[in-house]
Structures are given as C-alpha cells and as structure tokens.
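Coordinates in review
The chain contents come next:
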Amino acid sequence: MKRKWYLTITAVFLVMGILLSLQFRAQENFASGLTMQRTENLIAMVRDLSSKRQNLSFEILDLTERLTAQKQAERDDKQLVSNIANEMNKLNIITGATELIGPGLTITIDRYMPILYIDIINIVNELWAAGAEAISINDQRVTANSAIFYAENSNNVFLTVNNHTIDYPVVIMAIGDAANLEKGLTIPGGIMDNLALFGAYPVLEKKDETTVVARNDTPHFYFLKEYKPEDTSSSESKPAANNQIHND
Amino acid sequence: MSRKWLLPITIMCFIAGFFLTFQLKVMAGISTVNPISERNTNLITIINDLEEEIKNQEELIGETRDNLDKLQEEQIKGRLQELQDSLKTAKILAGLTPVAGKGIVITVDDNTEGLKANPDDDPNKYIIHYSQLLNIVSELKVGGAEAISINGQRLITTSEIRCVGNLILINTTRIAPPFEISAIGSPRLLAEIVTASELAIMKLSNYPVDLKEVEELIIPAYKGDLQFKYAQTKGEN
C-alpha cells in the first residue's frame, strides 16, 4: 500500500515537472524579437525590406556601371568631369545643395493651430519614413544636420529650422510619391490622428509639382574629419575574398 | 492511517488538475493561433533571409563605393583638384564616408529590472520607444551634432526612426536594445542639451542611461541606397 503511494506522488511530480518546463519554454519564446510581433507587422516588415532590397540592387547596378564608366574614362578629362558631375547631382539631392522639383505633398500649418516644434519633427520623420526624397520648411531645406527647434521673445514663440525663424503659415514641402507621403501621415493612429486629438488639422495637398529650396549655406564642421582606416593589408586580402565568392 | 493517506493525494490531484487545466488553456490558445503562428514562422524566415541578403548588398555597396573613390582619386590626382575637393566635401556631407572626431556616446536600454519587479504592469512603460530615440537625436542636432549614428546606422538626411509593432527601425534596418547613440560635436554642448531633457525624463522613469564624452569616436558611413525617382534638379529637365 505504501509503495503505491510513492508511485502516485512520483508520477504526479513528473507530470507537473514536464508541464512546468513546457510552460516556461513557451514563455521564453514570447520574449524574443520577431516572434513577439503580430502578423500584420511582420508583413509590413517583409514589404519594407523587399523594397529596400530592390533599391539596394538598383544602387549596386548604378555603382557597377559608374565603376565601368570610370575605368573607361582613363585619363579622358571630359569623360571624368561628366562622370563626377552625374555623381554630384545625386549627392546634391541628399546634401541639399540644389533646388529641386518633383511631385509631392505640402503640409500647411497656420498660426492658430496648437502645433509645437516637436510635432514638426514628427511630421518630417514620418515623411522620410514614407519615402520622401527631399523636404523643406518654408525657406529652409531639411538636411542631416538641420535642427528643428524653437525660439522665444517676450510675447511670442517661434519655430526655428537651421536656426532661422519660420513665419506662419508654416509650409512643409516634401518631394516623393504623393499618395504614399499622404498615407504615411494619415494612417489610422498616425500623426494626423494624433494631432486631431489636440484640435490641430494641418492641411495636406498632393501636388504634381512642388519645389524644395536649396540650403542657404554649407554646414561647417569643426569636430568631424573623414576617417581613413589604415588599409595596409586590405589590398592583398581583397582578391582572396573575390575568389571565395567565385568558388561558391 | 488510511484517512491520512487520502489528504495528500487529494491535494496533489488538485494541484495537478490546476496545472493541467492551465496548461490545456495555454495549449488551446496556441492551437487556435496555430495557423497564424505557422504563418508567422514563415514570415520570420523570410525576414531573416531578406536581412541577410540586405547585409550582403550593403557590404558590396560599401566596397564598390570605396573602389570607385580610390579609382577617382587616382585618375584625378594632380588635376581637376577643385572638382575633386567639392566631390569629397559632398560625400562627407551626404554621410558616405566614415568620420571621426570628438563627441559623446549615449547608451540607453529597456528598463528590464523595472519590468521584472512589476511583471503585471504594462510592458510598454519599460521598453524604449522610437520616439525617445527621435527626441534624443533631435536634441543632438540642436546641440550642433555633425554626425550621428545609432547602433552603427549612420543617420543621413533621409533617415527615419520609426517602429513596426515594437521593433525599432532606422534606414529600414532593425535595431535592438541596448541603443548606442554616437554623435560627433562639442562634447560639452551635446551632453548639456541631452541631459537637460529627454535623458532626464528617461532617468526619472528608471531606464538605464549612460553618457560618456569621447576624445575620438568613429561613425561609420551610410551603406544604403541613394535612389531618387521623383526629385529633379531645377532647371535641368
């Protein structure tokens, strides 16, 4: 009789142990990265990453073509100059050196809307996320170094961009796919919904052609310099790396 | 004697029954979600594959840009100096070169201790959100940051900081805590502005926050694409 008692207890503990460990494993799974995400978010990730992959492959194609053109140019100055001009064109879009035109979205904010500089930062961030290629706020181009902030005097608070005061109405111009840009701001629970809670309704207009101004002045860097890694052995190790790719 | 025997068994049965139902409930939950969870597993595989491929593409892009730079430099050496200089400046401004200089490194992390202590509380109050990173970055720009990266992702003009679910993305690249924000600029000015606002708020909420001033820090180049489909230089059609 007593032995049976032990057997039962042992069996019960064994089962409990297994159940408990199963339970812990299940919970552990839930705590790590992607597995925690909901299906629609994972789908959004796949979509975003696919379009990024596509853009990267275009970029690789571009770069390969440019490398070939550059090699062919040899010491032909005319060819070299035109190659570099093409490259500069692209870089100028990023650095804000030139005035740009293209389809896009304008966002107009008037004096009476309860909108703070932080809202402008969020709108600009959403526009980049929605694929904007260039953005300006009134007469100021937004670049990597642009500070969006505020300034105040005795009776007013002003929005500032690049340390310049922005007068009302504040007009944000973004070049890109107009429909995508609009969607980026108006998705349910997005920034427009958020602003509506505070009674702010910026006016969105899709445009076939918008103009984004060039930056006013070249930023001066006082602390930053180009970093050149010491590449003594890299030239010798590169052919080996190439061979490996071919062998694969 | 036989009565005494009954009591522990009853208790054991109760406990086992409790765990069984609990377990069954969890299993039931899993089995009803099963088709979705299967689908999620497939999606996660796709995401991992894409991320792997993107990493390789970005390495290739970085390498090709380096080769192109070297070739250009060689070919132009001693001639067309002005053109060469403006190209170099533009590349630095665009974020296509790694850069070095004085600055600060901020490290922020999820408040895992806090969540452990309050497991029933809303976990969202303990994890870092993209908006906190966006605020820190915006403040760094006000402080005159000349170059910024987060977990090795260089922030360029078009870089976004956003979330999908509770994944944080920069340049459409997933980054995970702890977040290390590096900024080149005046260490004192940068430290002053960030400690006065967002970092102060985060500290109050018990997020692990660290800030150090660095004599020489290196910020990597942007390795993504520069593909423009809509923007055109004005007066050049």
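Position numbers for residues count from 1 along each chain, tracking the sequence in the order it is written. The order in which chains are written sets their letters, starting at A; the order in which ligands are written sets their numbers, starting at 1. With pLDDT at 70 or above as the cut-off, local features in this predicted model cover only qualifying residues; side-chain atom pairs require 80 or more to be listed or tallied, and sums for whole chains, interfaces and linings still use all residues. Excluding hydrogens and water, the side-chain figures rest on all heavy atoms present in the structure.

A look at the overall build of chain B
Filter applied, for reference: The helix and strand labels rest on DSSP assignments: H or I over at least four residues marks a helix, E over at least two residues marks a strand, and numbering proceeds from the N terminus. Exposure categories follow from relative accessible area, calculated using a 1.4 Å probe and restricted to protein chains: below 20% of the type maximum is buried, above 50% is exposed, and the middle band is partly exposed. The contact definition used throughout considers only heavy atoms, calling two residues in contact when any of these lie within 4.5 Å.
Regarding its fold elements, chain B presents six helices and nine strands. Residues counted as buried form 46% of the 237 residues belonging to chain B. Long-range contacts, defined as pairs at least 24 residues apart, comprise 76% of the intrachain contacts of chain B with a sequence gap of at least 6.

Thoughts on the side chain of Gln 84 of chain B
Residues and elements named next belong to chain B. One can find Gln 84 in helix α2 (residues 81-94). Since its relative accessible area comes to 11%, Gln 84 is described here as buried. With sequence-adjacent residues up to four places away left out, Gln 84 is seen in contact with Glu 73 and Ile 76.

What to know about the pairing of strand β5 (residues 157-161) of chain A
Residue and element names in this part refer to chain A. Counted only if it meets this: Two strands are said to pair when DSSP picks up at least two bridges between them.
Strand direction decides the pairing type here: strand β4 (residues 148-152) and β5, joined by five bridges, are antiparallel. Residue pairing in the sheet places Ala 151 in a bridge with Phe 158 of β5. Connecting β4 to the next strand, β5, in antiparallel fashion are four residues. By the bridge criterion, three bridges tie β5 to strand β6 (residues 164-166) in an arrangement that is antiparallel. Considered in β6, the bridge of Val 161 is made with His 164. Remark: two residues form the turn of the hairpin made by β5 and β6, two consecutive strands paired antiparallel; Asn 162 in that turn has positive phi of roughly 55°.

Topic: the pattern of salt bridges
A side chain of one charge can pair with a side chain of the opposite charge when the charged atoms of the two come close. Applicable threshold: The term salt bridge refers to a pairing of a side-chain nitrogen on Lys or Arg with a carboxyl oxygen on Asp or Glu at a separation within 4 Å.
Counted under the stated rule, the structure contains 18 salt bridges over all chains. In this structure, Glu 216 of chain B and Lys 225 of chain A form a salt bridge, with 3.3 Å as the shortest nitrogen-oxygen distance. Taken together, the residues Glu 216 of chain B in strand β8 (residues 209-219) and Lys 225 of chain A in strand β9 (residues 225-226) connect one chain to another. Accessibility expressed as a relative area gives 45% for Glu 216 of chain B, which makes it partly exposed. A residue is classified by how much of its surface remains accessible, and Lys 225 of chain A, at 44% relative accessible area, is partly exposed. For Glu 73 of chain B, the salt bridge identified is with Lys 228 of chain A, shortest N-O distance 3.9 Å. Residue Glu 73 of chain B is found in helix α1 (residues 2-76), and its partner Lys 228 of chain A is found in the loop between β9 and α7 (234-247); the two belong to separate chains. On the basis of relative accessibility, which here comes to 47%, the residue Lys 228 of chain A falls in the partly exposed class. Sharing partners across several salt bridges, the network here consists of Arg 47 and Asp 48 of chain A together with Glu 160 and Arg 162 of chain B.

Some points on unusual backbone geometry
The omega angle of the peptide bond from Tyr 168 of chain A to Pro 169 of chain A is -5°, so this bond is cis rather than trans. On the secondary structure map, Pro 169 of chain A appears in the loop between β6 and β7 (170-175). Residues other than glycine seldom take positive phi values, yet Thr 172 of chain B does so here, at roughly 55°. For Thr 172 of chain B, the location among the structural elements is in the loop between β5 (167-170) and β6 (173-175).

Some remarks on the packing of helix α4 (residues 130-142) of chain B against helix α5 (residues 187-196) of chain B
Residues and elements named next belong to chain B. Put simply, the rule reads: Interaxial angle, 0 to 180 degrees, is taken between N-to-C directions of lines fitted to C-alpha atoms, where a helix line uses only the stretch in contact. Throughout this description, any angle smaller than 35 degrees is read as roughly parallel, any larger than 145 degrees as roughly antiparallel, any in the 65 to 115 degree range as roughly perpendicular, and the remainder as oblique. Helix crossings fall into two classes, left-handed where the near helix is turned counterclockwise from the far one by less than a right angle and right-handed where it is turned clockwise. Under the scheme applied here, ten amino acids are nonpolar (Ala, Val, Leu, Ile, Met, Phe, Trp, Tyr, Cys and Pro), four are charged (Asp, Glu, Lys and Arg), and all others, including Gly, are polar.
Contact geometry for α4 and α5: axes closest at 9 Å, N-to-C directions at 140°. Relative to α5, the element α4 is oriented oblique. Between α4 and α5 the crossing geometry is right-handed. Facing α4, whose interface residues are Ile 136, Glu 139, Leu 140 and Val 142, α5 presents Leu 190, Ile 193 and Val 194. In the contact of α4 with α5, the residues fall into six nonpolar, no polar and one charged.

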